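Spelled out, the chains give:
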Amino acid sequence: MAYTNPRRIAVASVLWAVFASPSHLPAADKPSTPAPSWNPQAAAHYLDSREVWWQGWDHDKRDHGTRCVSCHTQAPFALARPALRTALGETGASPSETAMLSDVEKRVRNWKDMLPFYSDEVYGKGKEIESRNAESVLNAVILASYDAHRGHLDPTTRMAFDHAWALQSKTGPDAGAWVWQNFEYTPWESKESQYHWAALMAVAASAAPDHYRNDTAVATHLSALRDYLRSHYEAQPLVNKVAALWASASFPKLLDNAQRAKLLDDLSHRQREDGGWSLTDLGTWERRDKTALETRSDGYATGLIVLVLEQTTAHAPAGPHVVRGLAWLEANQDRTTGAWPAWSLNKNRDPNSDAGKFMSDAATSYAVLALEARR
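Residues numbered from 1 in each chain as written. Predicted model: local features only at pLDDT ≥ 70, side-chain atom pairs only at ≥ 80, totals over all residues. Heavy atoms only, no water.

Chemist: Please set out the nonpolar core residue by residue, giving values where relevant.
Modeler: Counting 100 residues, the largest nonpolar core has Trp165, Met201, Leu229, Tyr300 and Trp340 as the members making the most contacts within it. Broken down by element, the residue count for this core peaks at 10 residues, all from helix α9 (residues 193-207). (Core = buried A, V, L, I, M, F, W, Y, C linked by side-chain atoms within 4.5 Å. Buried < 20%, exposed > 50% of the residue type's maximum accessible area, 1.4 Å probe, protein only. Helix = DSSP H or I, 4+ residues; strand = E, 2+ residues; numbered from the N terminus.)

Chemist: Explain the pattern of salt bridges residue by residue, including any values.
Modeler: This structure, assessed with the given rule, holds 20 salt bridges. For arginine 81, the salt bridge is made with glutamate 90, and the minimal N-O distance between the two is 2.8 Å. (Salt bridge = Lys/Arg side-chain N within 4 Å of Asp/Glu carboxyl O.)

Chemist: How would you sum up the environment of arginine 158? Please name residues and give values.
Modeler: Within the element layout of this structure, arginine 158 appears in helix α8 (residues 155-167). As for arginine 158 and alanine 144, which are separated by 14 residues in sequence, their C-alpha atoms are 8.6 Å apart. Ignoring any residue separated from it by four or fewer positions in sequence, one finds arginine 158 in contact with Leu153, Tyr212 and Asp215. (Contact = heavy atoms within 4.5 Å.)

Chemist: Could you give an account of the environment of tryptophan 328, with specific residues and numbers?
Modeler: Relative to the helices and strands, tryptophan 328 resides in helix α14 (residues 320-331). Along the sequence, tryptophan 328 and glycine 275 sit 53 residues apart, while their C-alpha atoms lie 5.5 Å from each other. Ignoring any residue separated from it by four or fewer positions in sequence, one finds tryptophan 328 in contact with Asp274, Gly275, Gly276, Ser297, Asp298, Gly299, Thr302, Trp340 and Pro341. A distance of 3.3 Å separates a polar atom in the side chain of tryptophan 328 from a polar atom in the side chain of aspartate 274. (Polar contact = N/O pair within 3.5 Å; in protein donor to acceptor, adjacent residues only side chain to side chain.)

Chemist: Hey, could you go over the packing of helix α11 (residues 238-248) against helix α12 (residues 257-270) for me, with residue numbers and the actual values?
Modeler: Closest axis-to-axis distance for the α11/α12 pair is 11 Å, and the angle between their directions is 125 degrees. By the criterion of interaxial angle, the relationship of α11 to α12 is oblique. The interaxial crossing formed by α11 with α12 has left-handed handedness. On α12, the residues that touch Leu238, Lys241, Val242, Leu245 and Ser248 of α11 are Arg260, Leu263, Leu264, Asp266, Leu267 and Arg270. Across the contact of α11 with α12, the residue classes break down as six nonpolar, one polar and four charged. (Axes fitted to C-alpha atoms, helices over the stretch in contact; angles between N-to-C directions. Parallel < 35°, antiparallel > 145°, perpendicular 65-115°, else oblique. Left-handed = near helix turned anticlockwise from the far one by under 90°. Nonpolar A, V, L, I, M, F, W, Y, C, P; charged D, E, K, R; others polar.)

Chemist: Describe the packing of aromatic side chains, naming the residues involved and giving the relevant values.
Modeler: With the rule as written, the count across this model stands at 18 aromatic pairs. Note on tryptophan 38 and tryptophan 340: the rings are 6.0 Å apart at their centroids and 55 degrees apart in plane angle, and the pair reads as tilted. In this pair, tryptophan 38 sits in the loop between α1 (6-19) and α2 (40-56) while tryptophan 340 sits in the loop between α14 and α15 (358-372), placing the two residues 302 residues apart along the sequence. On the basis of relative accessibility, which here comes to 7%, the residue tryptophan 38 falls in the buried class. Among the residues examined, tryptophan 340 registers a relative accessible area of 1% and is labelled buried. Judged by centre distance (5.6 Å) and plane angle (45 degrees), the ring pair of tyrosine 195 and tyrosine 228 falls under tilted. Taken together, the positions of tyrosine 195 in helix α9 and tyrosine 228 in helix α10 (residues 216-231) put the pair 33 residues apart, joining distant regions of the chain. An identical accessibility class is assigned to tyrosine 195 and tyrosine 228; each is buried. A connected cluster of aromatic rings, assembled from ring pairs, spans Trp53, Trp54, Trp57 and Phe358. The aromatic ring of tyrosine 118 is capped on one face by arginine 62, whose charged end is 5.0 Å from the ring centroid. The side chain of arginine 132 reaches across the aromatic face of tryptophan 111, ending 3.9 Å from its centre. (Phe/Tyr/Trp six-rings, centres within 6.5 Å; stacked < 30°, edge-to-face > 60°. Lys NZ or Arg CZ within 6 Å of the ring centre and 35° of its normal.)

Chemist: Tell me what's going on with α12, and back it up with residues and numbers.
Modeler: Counted at 1.5 Å a residue, the expected span for α12 with its 14 residues is 20 Å, and the 20 Å between its end C-alpha atoms agrees. Within α12 the residues assigned to the buried category are Gln259, Arg260, Ala261, Leu263, Leu264, Asp266 and Leu267. In this structure aspartate 256 caps α12, since a side-chain oxygen of it lies 3.1 Å from the backbone nitrogen of alanine 258. (Expected span 1.5 Å × (residues − 1).)

Chemist: Please give an account of the packing of helix α13 (residues 299-312) against α14 that cites residues and values.
Modeler: A pair of packed helices is captured by two measures, namely the crossing angle of their axes and the spacing between those axes. Close contact between α13 and α14 brings their axes to 10 Å; oriented N to C, the two are set at 140 degrees. The angle between α13 and α14 places the two elements in the oblique class. Note on packing geometry: the crossing formed by α13 with α14 is left-handed. Listed contacts from α14 to Gly299, Thr302, Gly303, Val306, Leu309 and Glu310 of α13 are Val322, Gly325, Leu326, Trp328 and Leu329. When the residues that make up the contact of α13 with α14 are grouped by side-chain class, the tally is six nonpolar, four polar and one charged.

Below, the structure written as structure tokens:
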């Protein structure tokens, strides 16, 4: 049995109290939710417009009239866009969502006939396996996100999970995870991505409706996934540890008290004076073009951290760190575009270019999720 330092447990309790507001206070004494000072309509417009652009981009065209599914634009879009439904008074999916879902579902239903997104012949040995594995996880995460809002697991989503479980590594040091697409583009297609998306797969499978995680056919896969996340946790950059904390909401034994305490302490110390967090502080990165990394607070790091703290700190999203993070998100939405700022870890990209907006695509999605979570 692993030794647990009582002092670390005490520290964890203190940090938990710092991040979470007291749950024992009478309702009248709890902080009231402030009126939104951000623009959900503008955020939805930005996300929809970026999805429309992605669907029309020649570079992402694939076989059978389908398109490549992206970690940075489509997957976060699928997590966030349904969350805006109530704020916008919508009764169904937007046209951009419908087009994306149709494309993903087509590839899932015709899985055996679909080619991998990247071939070994063109992109190098191993790329077919990488892209097939990554796509299977992304398909499951995207479809499960919509089913969670609908309250019922669609047969196509179950099929997407089946495809992913079939490709889950069964042996070796990374058993329980998926071989991930690696073009050395952090954080989406790099060595760090494997752990990050394994954690999000755990979140998706746990949140899938109709008690999916209790299916006996899934139990072995979830157990292997949990074991992978636990055994590889310490070697991860901080951004991946945040994803593991998110998954721990559904797998309570994924992190021990000492690991949780240290992570909360690290996040506390890295929060900027303006209330935000910078992705640059959540790992050891170096741009491929050797330019200096952007060090300002960004919507991706801030949105993700605030969201995960809301999901995991005793169901009390009004702790001081979270309140400051939410205030930063409210203050830093671009009033013209509806997006939140974020910058590439790989190149000094033109922020007005389409590729330069990839990080803002994810940042906007996580900012929306964090802001909507307090409703």
